[in-house]
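Descriptive analysis of the structure
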Amino acid sequence: AQSVTQLDSQVPVFEEAPVELRCNYSSSVSVYLFWYVQYPNQGLQLLLKYLSGSTLVESINGFEAEFNKSQTSFHLRKPSVHISDTAEYFCAVNSGGYNKLIFGAGTRLAVHP
Amino acid sequence: DTGVSQNPRHKITKRGQNVTFRCDPISEHNRLYWYRQTLGQGPEFLTYFQNEAQLEKSRLLSDRFSAERPKGSFSTLEIQRTEQGDSAMYLCASSTRAGATTDTQYFGPGTRLTVL
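Now for a look at the structure at hand. (Residues numbered from 1 in each chain as written. Chains lettered and ligands numbered in written order. Predicted model: local features only at pLDDT ≥ 70, side-chain atom pairs only at ≥ 80, totals over all residues. Heavy atoms only, no water.)

Some details on the environment of Pro 70 of chain B
Residue and element names in this part refer to chain B. The test is simple: Each helix is a run of DSSP H or I of at least 4 residues and each strand a run of E of at least 2, with the numbering of both proceeding from the N terminus. In this scheme, a residue with accessible area under 20% of its type's maximum is buried, one over 50% is exposed, and one in between is partly exposed, where area comes from a 1.4 Å probe on protein chains only.
Topologically, Pro 70 is positioned in the loop between β7 (65–68) and β8 (75–79). With relative accessibility at 51%, the residue Pro 70 sits in the exposed group. In the structure, Pro 70 is positioned 41 residues away from His 29 in sequence and 15 Å away in space, judged by C-alpha atoms.

Right under this line is the structure:
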C-alpha cells in the first residue's frame, strides 16, 4: 500500500532563513508527487508537482522540490522564506488506478519576524 | 476557469440530522473526487467519479454516506443521521480535461461540517 510520511509536524523558522520540509513516500510503482499548501480556513492549492522528466521542480513563488527515487523522497525547499509563507504544507502521492491522492499528515510552517 | 466551488462553506447541524453538500467542478473536468480532512490531519480519500459513474469508494464511506454526480457535472455528498465524528472539512477536487496528458487535482475551498 502507498503511504506518505512527513517527518516534521511543525517547522518554526525566522523570516529570510532557508527551510526544508521533508517528505518520504512508499510505493511499488511509478508515482506522481505533489506539494499542496493550505492557508487558514482555505482549501488546498497546488504548489508544485513531479510527473516525469527533470527531478527538480519549481514553483512560481520560490519553492522547489527534488524527486529522489533511490531515497523515495520529495523534500520541499525554499532558500529564503517570507511571513506570507506561513501555512500548512501537504505532500501527496498519486499512482495509477483512479489517481486518488494519498496525503501526508502535513507540516505546519511558521515564519517568525 | 472559475475553479472548483463548494456550497455551503460552513454547516452546523445537530446529531441525527441529514446534511447535503454540493461541489461544482472546473468546467469540462470529467473526474471528481471527495476527500475528508479532520483537524491536524491530511485529507483522506472518500470517493471518485469519472463523468457520472462512481468508480471507487473508500472504506471510510459508511452506509450513511452517499455521493452522486447525476449528469457528470456537479456532485452532491449526503450524510444521513450525522454523528459528532462526522465533523470535518469535506473537500472536493476535479481533474482532467479530455485529451490532457497529466492529471492534476484542483481543490475547492471545502465545506466545514460541525455536528453538535
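Text resumes after the structure shown.
Let's talk about the interface of chain B and chain A
Keep this limit in mind: Any two residues whose heavy atoms approach within 4.5 Å at even a single point are treated as in contact. Two parts placed together each lose some accessible area under a 1.4 Å probe, and the buried area is that loss summed for both. Each salt bridge in this description consists of a side-chain nitrogen of Lys or Arg and a carboxyl oxygen of Asp or Glu lying within 4 Å of one another. N or O atoms closer than or at 3.5 Å make up a polar contact, with two conditions inside protein: a donor-capable atom paired with an acceptor-capable one, and, for residues adjacent in sequence, both atoms drawn from side chains. Residues are grouped as follows: nonpolar covers Ala, Val, Leu, Ile, Met, Phe, Trp, Tyr, Cys and Pro; charged covers Asp, Glu, Lys and Arg; every other residue, Gly included, is treated as polar.
Contacts between the two partners involve 22 residues from chain B and, on the opposite side, 19 residues from chain A. The largest share of the area that chain B buries against chain A comes from Pro 43, Thr 104 and Phe 107 of chain B, three residues that together contribute 24% of it. Of the charged contacts, one joins Lys 100 of chain A and Glu 56 of chain B as a salt bridge, the two residues approaching to 2.8 Å between their closest N and O atoms. Applying the counting rule to chain B against chain A returns 5 residue pairs in polar contact (both at pLDDT 80 or more). Listing elements by their share of the side of chain B that touches chain A, those giving two or more residues are β4 (31–37), β5 (44–50) and β6 (53–57) of chain B. The greatest single-element share of the side of chain B that touches chain A, amounting to 4 residues, is contributed by β4 of chain B. Across the side of chain B that touches chain A, the residue classes tally to 9 nonpolar, 8 polar and 5 charged.

By themselves, these are just geometric observations and shouldn't be taken as functional.
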